[in-house]
Amino acid sequence: METVLLVTASQKAAAALEQMLNNHVRVQVATANSAALARQMLLEREYDLVLINAPLNDEMGSELAMDIASNTTCGVILLVKSELFDEMAHRMEDYGVWVVAKPINKLLFFEAIRFVSATRKRLLGLQKENAKLQDKMEELRLISRAKCVLVQYLNLTEPQAHHYIERQAMDLRTTRREVALSILKMYES
């Protein structure tokens, strides 16, 4: 974890949390004193962790936590008063927001940070894998369309069209995707 957005209405709490973070891990900390400012800052860049000290001046903080968790890959920790912990933990559970009760138990706080960091890394890995699979599916769709074009215009069978694309890719030292794109460009223009 390298970057943290600390969202808190209290300057005193901001200083204490920043010091606690920097004593334990080396991070760059940016601070926002409202949910509106935090949302604006998140449009400009993504943070590894967003730490929300509820309540905020312009909203409770739970709405901001749900919004961030739903629309970004940032890890989110929501700090709430101990009497609100059970209710908030139950509400935030479906969003993947980790809730920590105040006053903060340092051991639990840093365990929460490690857990959120590990979860974020796993999420980023899954997103990367998903992007690869989407790209592969798009390639297969292009190749399939190119085979259909070859079947239609050159009266080849599907296996012959498949072999033609494979052979062209080998002979031209290019990818099957590029061969498929050139076939589609030639026949569908």
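Coordinates for the structure precede this section.
The shown structure was predicted, so the numbers you read here are calculated from the model rather than taken from an experiment.

*Asks:* For this particular structure, what's the right way to read unusual backbone geometry?
*Replies:* With the exception of glycine, most residues fall at negative phi, and the peptide bonds are largely trans. With an omega dihedral of 0°, the bond running from Ala54 to Pro55 counts as a cis peptide bond. With respect to the helices, strands and loops of the structure, Pro55 is situated in the loop between β3 (49–53) and α3 (62–71). Following Lys102, the chain continues to Pro103 via a peptide bond in cis, the omega torsion being 0°. Mapped onto the secondary structure, Pro103 falls in the loop between β5 (98–102) and α5 (106–154). Phi at Arg173 takes a positive value of approximately 50°, unusual for a residue other than glycine.

*Asks:* So what exactly am I meant to see when it comes to the pairing of strand β1 (residues 3–8) here?
*Replies:* One face of the sheet, then the other: side chains in a regular strand alternate in exactly this way. Counted residue by residue, β1 has 6 buried out of 6 residues, so it is predominantly covered. Burial along β1 is two-sided: Thr3, Leu5 and Val7 facing one way and Val4, Leu6 and Thr8 facing the other are all buried. Bridge analysis of β1 against strand β2 (residues 28–32) gives 5 bridges, and the strand direction is parallel. Of the residues in β2, the one forming a bridge with Leu5 is Ala30.

Conventions used here
Residues numbered from 1 in each chain as written. Predicted model: local features only at pLDDT ≥ 70, side-chain atom pairs only at ≥ 80, totals over all residues. Heavy atoms only, no water. Helix = DSSP H or I, 4+ residues; strand = E, 2+ residues; numbered from the N terminus. Buried < 20%, exposed > 50% of the residue type's maximum accessible area, 1.4 Å probe, protein only. Pairing = 2+ DSSP bridges.

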